[in-house]
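What the coordinates show
Here's the letter readout for the chains.
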Amino acid sequence: MRILVIGGGGREHALVWKLAQSPKVEKIYVAPGNPGMLNLAECINLPASDFESVAAFAMEKKIDLTVVGPEGPLVAGIVDVFKAHGLAIFGPTAAAAAIEGSKSFSKELMHKYNIPTAFFKICSDSAAAKAYIKEKGAPIVIKADGLAAGKGVVVAMTEAEALTAIDDIMGSHKFGEAGAQVVIEEFMDGEEASLLAFTDGDMIVPMLAAQDHKRINDGDEGPNTGGMGAYAPAPVLTAELKQKCLETILKPTIAALKAEGRKYSGCLYAGLMIKGSDIKVVEFNARFGDPETQVVLPLLSSDLVEIMLACANGTLNETMVKWSDKSAVCVVMASGGYPASYPQGLVISGLAAANAADGVVVFHAGTKEKDGQVVTAGGRVLGVTAVGSSIAQAKDEAYVAVDKIHFANVHYRKDIAWRALK
Ligand code: AMP
Ligand code: GLY
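Below: a short report on this structure. Since this is a predicted model, take the numbers as computed values, not measurements. (Residues numbered from 1 in each chain as written. Chains lettered and ligands numbered in written order. Predicted model: local features only at pLDDT ≥ 70, side-chain atom pairs only at ≥ 80, totals over all residues. Heavy atoms only, no water.)

A count of helical and extended segments in the chain gives 14 helices and 23 strands. Scaling as 2.2 N^0.38, a compact globule of 422 residues should have a C-alpha radius of gyration of about 22 Å, and the chain matches this with 21 Å. If one aligns the C-alpha atoms of the chain with their principal axes, the spans along those axes are about 55 × 50 × 45 Å. Across the 422 residues that make up the chain, the buried fraction comes to 55%. Nonlocal contacts in the chain, meaning residues at least 24 apart in sequence, comprise 69% of its contacts between residues at least 6 apart. About 16600 Å² of surface is accessible on the chain, with carbon and sulfur atoms providing 51% of the total. Put simply, the chain has 40 plus and 48 minus side-chain charges, and the middle of one group is 1 Å from the middle of the other. (Helix = DSSP H or I, 4+ residues; strand = E, 2+ residues; numbered from the N terminus. Rg over C-alpha atoms; globule rule 2.2 N^0.38 Å. Buried < 20%, exposed > 50% of the residue type's maximum accessible area, 1.4 Å probe, protein only. Contact = heavy atoms within 4.5 Å. Areas by Shrake-Rupley, 256 points an atom, 1.4 Å probe, with all protein chains shown as cover. Lys, Arg positive; Asp, Glu negative; His and termini not counted. Charge placed at Lys NZ, Arg CZ, Asp CG, Glu CD.)

Dropping the structure here:
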């Protein structure tokens, strides 16, 4: 089979790495990809937002399955274009991807179908938003309605912070059109986990629960990032809680989307807040998580191509999805300065030595090739994943590998997986 993967970060490297293990696969193209994938796939440049051209490429190269990594093309309708051409593609249509693309749609869907989530109000006018904040008080959470590259959420611990967020989003248009509406939410206390699931629109099969580390510094301090590391399985989601999540969140959400005429297939990502036996949805994403994918896929013992084709064709079955009983930890190596500004083009050394260790894979996120060397080209540069017999062992092995990799001004957290080990 011939596969096309869309995207070029750590998540897509993990997808390509796992897809390449399938005996069914003869060739993988990735657009745009990154240097970490060069031994697994052919990296190509396709016009990112011109889906007709991407579909034309898929037809010309006789692609049997296309897999979309990031949310942008999903929300903008790449799946709709591929389906119109009769091409197999893994991911939701634009109407279904609205579960990530529009926070107000997602919250109203949960409300209508009794899917547990924080209380909320949708405001399209800043005076009404401010009045609601003053009525409710802090802590309170403000979310730009549309896609904002993961930066559209302000968890305001004071009323003043919440009011400033409204000025930034609705007054200064910090996120452009994405902030034309805001969702104001009750602050939820608890421990977060990410539960990703494969679905064909009727059947939904959860993956192993993961936990990522959004803050830049150890002890979950400092500004939010795209994710500084992850581990799986996350013990906070016990077997009992996972079953509860399947019954009260995942199954009802898939049924709700179908009932609304927005049948959802692909990977559904549920961001969860867990407190005791209580589970609520923080958000849904229409795609795999980054860096959750870098710890979940290395633990998948089944053929990912088979699963993805079944999701695309409506033939998903629980028995297709099997997991190893090991654990995985991924440590993100970032450019010093991230998530604010940082230099790029710094030479990275030690990649081969780190990759050579048993059970270790170095996923590239923000790298590029320059004069025959791999250099930094983003905030999150690498995700170093190790698989071990326990979280503790996987963590130790991941850090041994991290120690072998060098670039100037590197920053990484030393405490990935701390919640599982406390
Ligand atoms: P989101 O982009 O919706 O995942 O939000 C980013 C982060 O903000 C989440 O991972 C949570 O840590 C936090 N967050 C979002 N909504 C809430 C909420 N209602 N209560 C507490 N924290 C939240
Ligand atoms: N790790 C968070 C996300 O993928 O949205």
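In space, the four strands of this open sheet follow the order S6-S9-S7-S8, with antiparallel pairing throughout. Single-partner strands in this sheet number two, and they are strand S6 (120-123) and strand S8 (153-156). Averaged over neighbouring strand pairs, the angle between their axes works out to 20 degrees when direction is ignored. As judged from the five bridges shared by strand S7 (residues 140-144) and strand S9 (residues 182-186), these two strands associate in the antiparallel manner. If you follow Val141 over to S9, its bridge partner there is Glu185. Lying over the sheet, helix H8 (residues 159-171) contacts S6, S7, S8 and S9, oriented at roughly 5 degrees with respect to S7. (Pairing = 2+ DSSP bridges. Axes fitted to C-alpha atoms, helices over the stretch in contact; angles between N-to-C directions.)

All right, on to helix H6 (residues 103-112) then. Most of H6 sits out of view: seven of its ten residues are buried. Turning to H6, its buried residues number three or more, namely Lys103, Ser104, Phe105, Ser106, Lys107, Leu109 and Met110. Of the residues trailing H6, Asn114 is marked for its positive phi of about 55 degrees.

This paragraph deals with the nonpolar core. Within the largest apolar cluster, 77 residues are counted, with the highest numbers of intra-cluster contacts made by Ile78, Ile249, Leu250, Leu272, Val329, Leu382 and Ile405. Here the element with the most residues in this core is helix H9 (residues 239-259); it accounts for eight residues. Discounting chain neighbours no more than four positions away, the residues touching Ile249 are Ile115, Pro116, Lys244, Leu272, Ile279, Val281 and Phe284. Core analysis: the next-biggest nonpolar cluster, separate from the first, contains 40 residues, Cys267, Val295, Val296 and Ile307 among them. (Core = buried A, V, L, I, M, F, W, Y, C linked by side-chain atoms within 4.5 Å.)

Looking now at the packing of aromatic side chains. All told, the structure shown has six aromatic pairs when counted by the stated rule. Centroid distance Tyr29 to Phe57: 5.2 Å. Interplanar angle 90 degrees. Geometry classified as edge-to-face. Linking Tyr29 in strand S2 (residues 27-32) with Phe57 in helix H2 (residues 51-60), this pair joins segments that are 28 residues apart in sequence. Judged by its relative accessible area of 11%, Phe57 is buried. Through successive ring pairs, a cluster of aromatic residues spans Phe90, Phe198 and Phe288. Sitting above the plane of the Tyr29 ring, Lys27 keeps its charged end 4.8 Å from the centroid. Sitting over the face of the ring of Phe105, Arg262 holds its NZ or CZ atom 4.1 Å from the ring centroid. (Phe/Tyr/Trp six-rings, centres within 6.5 Å; stacked < 30°, edge-to-face > 60°. Lys NZ or Arg CZ within 6 Å of the ring centre and 35° of its normal.)

Take the site of ligand 2 next. In the vicinity of ligand 2, the contacting residues are Asp212, Gly226, Tyr269, Asn285, Arg287, Gly289, Asp290, Pro291 and Glu292. A distance of 3.4 Å separates an oxygen atom of ligand 2 from a polar side-chain atom of Asn285. Expressed as a share of its isolated accessible area of 200 Å², the protein-covered part of ligand 2 is 90%. Here the shell around ligand 2 is composed, by residue class, of two nonpolar, three polar and four charged. (Near = heavy atom within 4 Å. Polar contact = N/O pair within 3.5 Å; in protein donor to acceptor, adjacent residues only side chain to side chain. Nonpolar A, V, L, I, M, F, W, Y, C, P; charged D, E, K, R; others polar.)

The strand order S3-S2-S1-S4-S5 describes an open sheet built from five strands, whose pairing is parallel. Pairing within the sheet leaves two strands with one partner each, and these edge strands are strand S3 (42-43) and strand S5 (89-90). In terms of strand pairing, strand S1 (residues 2-7) meets S2 through six bridges, oriented parallel. Among the inter-strand pairings, Gly7 is bridged to a residue of S2, identified as Pro32.

Residues Asp290 and Pro291 are joined by a peptide bond in cis, for which omega reads 20 degrees. Locating Pro291 in the fold gives a position in the loop between strand S17 (278-285) and helix H10 (293-296). Although it is not a glycine, Asp220 adopts a positive phi angle of roughly 55 degrees. Tracing the chain through its elements places Asp220 in the loop between strand S13 (215-217) and strand S14 (221-224). Even without being a glycine, Ala417 presents a positive backbone phi close to 80 degrees. On the secondary structure map, Ala417 appears in the loop between strand S23 (410-411) and helix H14 (418-421). Owing to a relative accessible area of 0%, Ala417 belongs among the buried residues under this scheme.

The next subject is the site of ligand 1. Close contacts around ligand 1 come from 14 residues, with Glu185, Met188, Glu192, Lys214 and Glu283 the closest. Between ligand 1 and the protein, one listed contact pairs a nitrogen atom with a side-chain N or O atom of Lys143 at 3.0 Å. Interatomic distance of 2.7 Å between a side-chain N/O atom of Glu283 and an oxygen atom of ligand 1. Breaking the shell around ligand 1 down by element, the ones donating at least two residues are S7, S8, S9 and S17. Residue classes in the shell around ligand 1 are distributed as seven nonpolar, no polar and seven charged.

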